[in-house]
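As a plain string of letters, each chain reads:
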Amino acid sequence: MTHIDAGAELDPVHPVAPPPGRATGLTSAEVAERVARGEVNDVPVRSSRSTTEIIRGNVFTRFNAIIGVLWVIMLCVAPIQDSLFGFVIVANTGIGIIQELRAKKTLDGLAVIGEAKPTVRRDGVAAEISTSEIVLGDLVELGPGDKIVVDGEVAEADGLEVDESLLTGEADPVLKKPGDKLMSGSFVVAGGGAFTATKVGREAYAAQLAEEASRFTLVHSELRSGISTILKYVTWLMVPTSIGLVISQLVVKDDNFKESIAYTVGGIVPMIPEGLVLLTSVAFAIGVIRLGRKQCLVQELPAIEGLARVDTVCLDKTGTLTEGGMDVTELRPLGDADEAYLRKVLGALGESDPRPNASLQAIIDAYPDSEEWRCTESLPFSSARKYSGASFSEGDGENSTWLLGAPDVLLPDGDPALDEVGHLNEQGLRVLLLARAAGDLDAPDVASGARPAALVVLEQRLRPDAADTLRYFEEQNVQAKVISGDNAVSVGAVAAKLGLPGAENTVDARRLPAERGEMAGELDANAVFGRVSPQQKRDMVGALQSKGHTVAMTGDGVNDVLALKDADIGVSMGSGSEATRAVAQIVLLNNSFATLPSVVAEGRRVIGNITRVATLFLVKTVYSVVIALLVVCSQVEYLFLPRHLTLLSTLTIGVPAFFLALAPNKERAKPHFVRRVMRYALPGGIVAALATFATYLLARHHYTGEGAREAETSAATLTLFLVSLWVLAIIARPYTWWRIGLVATMGLGFLLVLTVPYLQDFFALKLVGTTLPWAAVGVAAAASAVIELAFRLVDRRVPA
């Protein structure tokens, strides 16, 4: 069978020569010449920050700068043990760099796997090449779903329709003809053809879009913006408090300048919650690595957080709940149509489309082409039309035009065949109508008056893991909405087979109200929607968002791109079109919908645990600021040396926070991060500071003579450690064996410091007598009880 105006179907592995009479593209010599001139599309599409950027981003931070200066000062004026906080920062920064480099390696590898390769015609042979290998003047072939990766001019067009919405915001596809301009960043929604590359590299519009779409970047998220807000307030508090502390210590300790500097730095360092930012980055990076091992490409880090906050998932049936493949189960002739003749028609229709969709591929597999038929004109399938067509010369002098598509689109309301279609759809079967057109294929009303000839019954292959995944979302209180372009009854039957709650309530989207508020009401009340147009998918996402829902949208076809782009989180299948992968934040490279629960669980683990450990960091910041203010107001010597607070931070925050941040956590992420953290940090920090300062004042009155200063500091340190350990014990709930072990180990670590002579000397901690140490324990116990009560009151009166 021969074709007119039909592109050659490409084998994904072996190069294929185009039919005679088609443009052959550049020759190898011309390609080499352009490469030598640098006319190559060599803009690197980065999936991650460069190594230099990673090192710079982790080392040169505002807080590293502050601590670096303080560290240098301490190295000059105090023993090495008072400079331990600096070594901790070096270690933490190193951990951050190593983790992000590991994430970079994983992402770079996955990005190569996930990269779609355009088909370029050279020396008359079509073959797939990397986007970066395209040169100026290359002839690039196009088909439905292909992204236009460089700017160009249409050379061949066969019903070529291009969606330029990502560039212009205009949702309607644009019909392209030879000579028309194509902008990179747009994508093909129907038809096929080829274009000549006129701009490559940094001159092409795609260069910027592609880099931004796949950059490993910490873009806006509630978690990170919340932490930035907290750090901003901390900085405002820290500056005046530090100035007051410096002045007061110089006045109090005017006889020992170096010692006053050491105690001043000891008051400033703990105000900085530098580990919180670092721990957040590490938790995100580890999350990306874990998901990468499951063949899930996270293109934007906060997508992990976003999916953890999702309460509504919109699922496209085809490719998500069902596998891409389909099987023809029956051909039902209508009227007196001859089945053998209809089989020839279907075979010819299958051969007329060089890039068949899943339905047409099933027809091709079932009905081989008849050699004597010749395609004279073809109309590719469009999700907007919901049918395709072709005109044939049948070999015996007869000419005919046929349409294949949705029965409820091609048939008028009330047609008897629709009842039969309805019964089949109720069984979860997909039905296409084969109809003979009365007019020319290029007529705008070609479907009008078409005579139905047969029903083609297809069965979709359900994904074996789809039912379990839907059940997971139900258990996690995440609503699942099936939004499909297929017949509503058929979609509902598939959803019912998979056990989706509310599958019996199916809605034909063509009857949905256009007004956003009314549409949102319908979406909340129902779970399955059929005959949804691409623009409606986008409107439905917006309507759900207008009701306060956090929406994730999954899909793999070009008709899903607009909705994926507008959703809070877009999830694309790895086998989906290049356009969907470009706009999605998460790409499931293994094409398994069952990976989504892992992404949700990873997000909840990261967000829940960072919220948990943030309380530890900020309790320390609050008590450090309050203690410094009390010292300034009472004009006494500052309580601690840096070594004391390094020890406390390590045992009550640093080590336990690392383990708690990596622990399992299935709680759905909640909004208002700053409020949720500060409602615990403020009462906890204030009570800890008051208890510690009270013990210090008691010790100042109790101890006299040589060694009094060290004894006073030791008693205050004991109180602060015990109170901080109780805060850790609260944060570690609900208890498991390893959480109890973690808290107990931290307590034993402090006990070791108090009992081993070398560690006593190293950290300048030695409890003197029994009266004050037991008084310190009593004050800590009372403060811990107050914190316990305060946290419970906060839970009741200041809900998250």
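Here's what I pulled together on the structure shown here. Just so you know, these numbers come straight off a predicted model, no measurement behind them. (Residues numbered from 1 in each chain as written. Predicted model: local features only at pLDDT ≥ 70, side-chain atom pairs only at ≥ 80, totals over all residues. Heavy atoms only, no water.)

1. Some remarks on the overall build of the protein chain
Selection criterion: Runs of E in the DSSP output that reach at least two residues are strands. Runs of H or I that reach at least four are helices, and both are numbered from the N terminus. Contact definition: two residues touch when any of their heavy atoms are within 4.5 Å. To measure how exposed things are, a 1.4 Å probe is used in the Shrake-Rupley method; for residues, cover is taken only from the protein chains shown.
For the protein chain, the helix and strand inventory stands at 27 helices and 21 strands. Within the protein chain, contacts between residues separated by at least 24 positions form 73% of all contacts whose residues are at least 6 apart in sequence. Roughly 32,400 Å² of accessible area belongs to the protein chain as shown, and the carbon and sulfur atoms make up 57% of that amount.

2. Details of the sheet that holds strand β20 (residues 569-573)
Filter applied, for reference: Between any two strands, at least two bridges found by DSSP are needed for them to pair. To get an axis, fit a line to the C-alpha atoms, keeping to the stretch in contact for a helix; angles then go from 0 to 180 degrees between the N-to-C directions.
Taking strand neighbours across the sheet as the criterion, the eight strands line up as β8-β21-β20-β19-β9-β16-β18-β17 in an open arrangement whose pairing is mixed. The open sheet has two edge strands with one neighbour each: β8 (296-298) and β17 (506-508). When strand polarity is set aside, the average angle formed by the axes of neighbouring strands in this sheet is 20°. As paired strands, β8 and strand β21 (residues 586-588) are joined by three bridges and run antiparallel to one another. Note on β21: the bridge partner recorded for Leu297 is Val587.

3. Remarks on unusual backbone geometry
This is how it is decided: We call a residue buried when its accessible area falls under 20% of the maximum for its residue type, exposed when it is over 50%, and partly exposed in between, using a 1.4 Å probe and counting protein chains only.
Here Arg733 and Pro734 are connected by a cis peptide whose omega angle stands at -5°. With respect to the secondary-structure elements, Pro734 resides in the loop between α24 (708-731) and α25 (737-755). Positive phi, close to 55°, is recorded for Gln635, a residue that is not glycine. Overall, Gln635 belongs to the partly exposed group, its relative accessible area being 41%. Of note, Ala764 is a non-glycine position whose phi angle comes to about 55°, a positive value. Relative to the helices and strands, Ala764 is located in the loop between α26 (757-763) and α27 (771-797). According to the relative accessible area criterion, Ala764 is buried, its value standing at 13%.

4. A short note on helix α22 (residues 642-661)
Owing to its 3.6 residues per turn, the α-helix brings residues three or four apart onto one side. Here is the rule we go by: To get the bend at a given residue, fit one axis to the seven residues ending there, fit another to the seven starting there, and take the angle between those axes.
Its axis deflected by about 50° at Thr650, α22 carries its strongest bend there. Within α22, 15 of the 20 residues are buried, which leaves it mostly tucked inside the rest of the structure.

5. So, the packing of aromatic side chains
Applied cut-off: Here a pair means two rings of Phe, Tyr or Trp (six-membered ring of Trp) with centres within 6.5 Å. Their orientation is stacked below 30 degrees between planes, edge-to-face above 60, and tilted elsewhere.
In this structure the tally under the stated criterion is 12 aromatic pairs. Centre to centre, the rings of Tyr233 and Trp236 are 5.5 Å apart; their planes meet at 65°, and the pair counts as edge-to-face. Taken together, the positions of Tyr233 and Trp236, both in helix α7 (residues 222-252) and three residues apart, correspond to about one turn of that helix. Among the residues examined, Tyr233 registers a relative accessible area of 44% and is labelled partly exposed. With relative accessibility at 56%, the residue Trp236 sits in the exposed group. Each member of the aromatic cluster is reached from another via a ring pair, and the members are Tyr341, Trp373, Phe392 and Trp402.

6. Things to note about the pairing of strand β14 (residues 430-436)
The buried count for β14 comes to six of seven residues, which makes it a mostly enclosed element. Where strand β13 (residues 399-405) lies against β14, four bridges are found, and the strand directions are antiparallel. Counterpart to Gly405 in the pairing with β14 is Leu433. When β14 meets strand β15 (residues 451-462), the two strands line up antiparallel, connected through seven bridges. Paired with Arg436 across the two strands is Arg451, which belongs to β15.

7. Things to note about the environment of Ala563
Relative to the assigned elements, Ala563 resides in helix α19 (residues 561-566). Residue Ala563 is classed as buried on the basis of its relative accessible area of 0%.

8. Some points on the environment of Val753
For Val753, the position within the fold is in helix α25. Using a relative accessible area of 5% as the deciding quantity, one classes Val753 as buried. Those residues in contact with Val753 that lie beyond four places of it in its chain are Leu647, Leu759, Gln760, Phe763 and Leu765.

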